[in-house]
Amino acid sequence: QVQLVESGGGLVQAGGSLTLSCAASGHTFRSLTVGWFRQAPGKERQFVAAKGWIGTTIYYADAVKGRFTLSRDNAKSTVYLRMDSLKAEDAAVYYCAAARVQLNDYNRYSIEFWGRGTQVSVSS
């Protein structure tokens, strides 16, 4: 009963910035931990960032700490990912993902709802 739709992907230069959006439909957004995964060709899908419904804690993968910022607007049922200082290795399909678990239990195995994905390409 939850649908996730990503937007904002595109081509950016190395060192540039891009912001992704994930809009959720359905009526269970309040109970969801929502975040982002990414997958590059030939690589496993990897965790990027996530935030639960309550609290201020946000988990970030080590590879993006200090460069990416996740924010969650519960009134709009939307989560954002601002990406700064982009590197070539950040190029991937980015997926919005949600689970009915608390933040500390959010991982690839607990995800219940996946977005279709949005492509982020980085040029040198």
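First, a word on what this report is: a plain description of the structure on this page. Quick caveat: nothing in here was measured; it's all calculated off a predicted structure.

1. Side note on the state of the cysteines
Here is step 1 of the chain: The final tally for this structure, using the stated rule, is one disulfide.
Here is step 2 of the chain: Covalent S-S linkage joins Cys-22 and Cys-96, the inter-sulfur distance amounting to 2.0 Å. A torsion of -80° about the S-S bond marks the disulfide between Cys-22 and Cys-96 as left-handed. Placement of the pair is Cys-22 in strand 3 (residues 18–25) and Cys-96 in strand 9 (residues 92–99), with a sequence separation of 74 residues.
Here is step 3 of the chain: Classification of Cys-22 by relative accessible area gives buried; the value is 2%.

2. A look at the sheet that holds strand 7 (residues 68–73)
Here is step 1 of the chain: Spatially, 1-3-8-7 is the arrangement adopted by the four strands of the open sheet, whose pairing is antiparallel. Edge strands, defined here as strands with exactly one partner in the open sheet, are strand 1 (3–7) and strand 7. Ignoring strand direction, the axes of neighbouring strands in this sheet form an average angle of 15°.
Here is step 2 of the chain: Strand direction decides the pairing type here: strand 1 and strand 3, joined by five bridges, are antiparallel. Across the sheet, Glu-6 pairs through a bridge with Cys-22, a residue of strand 3.

3. Looking at the layout of surface pockets
Here is step 1 of the chain: For the largest pocket, the calculated volume is near 150 Å³.
Here is step 2 of the chain: Together, 13 residues line the largest pocket, and Arg-38, Ala-40, Lys-43, Gln-46 and Glu-89 are the ones closest to its centre.
Here is step 3 of the chain: Its residues placed into classes, the lining of the largest pocket shows five nonpolar, two polar and six charged.

4. A few points about the pairing of strand 11 (residues 118–123)
Here is step 1 of the chain: Across the two faces of strand 11 the burial differs, with Thr-118, Val-120 and Val-122 buried and Gln-119, Ser-121 and Ser-123 not buried at all.
Here is step 2 of the chain: Strand direction decides the pairing type here: strand 2 (residues 10–13) and strand 11, joined by four bridges, are parallel. Across the sheet, Val-12 pairs through a bridge with Val-122, a residue of strand 11.
Here is step 3 of the chain: In this sheet, strand 11 lies alongside strand 9 in antiparallel orientation, the contact comprising three bridges. Paired with Tyr-94 across the two strands is Thr-118, which belongs to strand 11.

What counts as what
Residues numbered from 1 in each chain as written. Predicted model: local features only at pLDDT ≥ 70, side-chain atom pairs only at ≥ 80, totals over all residues. Heavy atoms only, no water. Disulfide = S-S within 2.5 Å. Helix = DSSP H or I, 4+ residues; strand = E, 2+ residues; numbered from the N terminus. Buried < 20%, exposed > 50% of the residue type's maximum accessible area, 1.4 Å probe, protein only. Pairing = 2+ DSSP bridges. Axes fitted to C-alpha atoms, helices over the stretch in contact; angles between N-to-C directions. 1 Å grid on protein atoms, 1.4 Å probe; cavity = no way out; pocket = protein on both sides within 12 Å on 5 of 7 lines; lining within 4 Å. Points joined across faces, edges and corners; volume = space filled by probe spheres on them. Nonpolar A, V, L, I, M, F, W, Y, C, P; charged D, E, K, R; others polar.

Nothing here speaks to function; it is all geometry.
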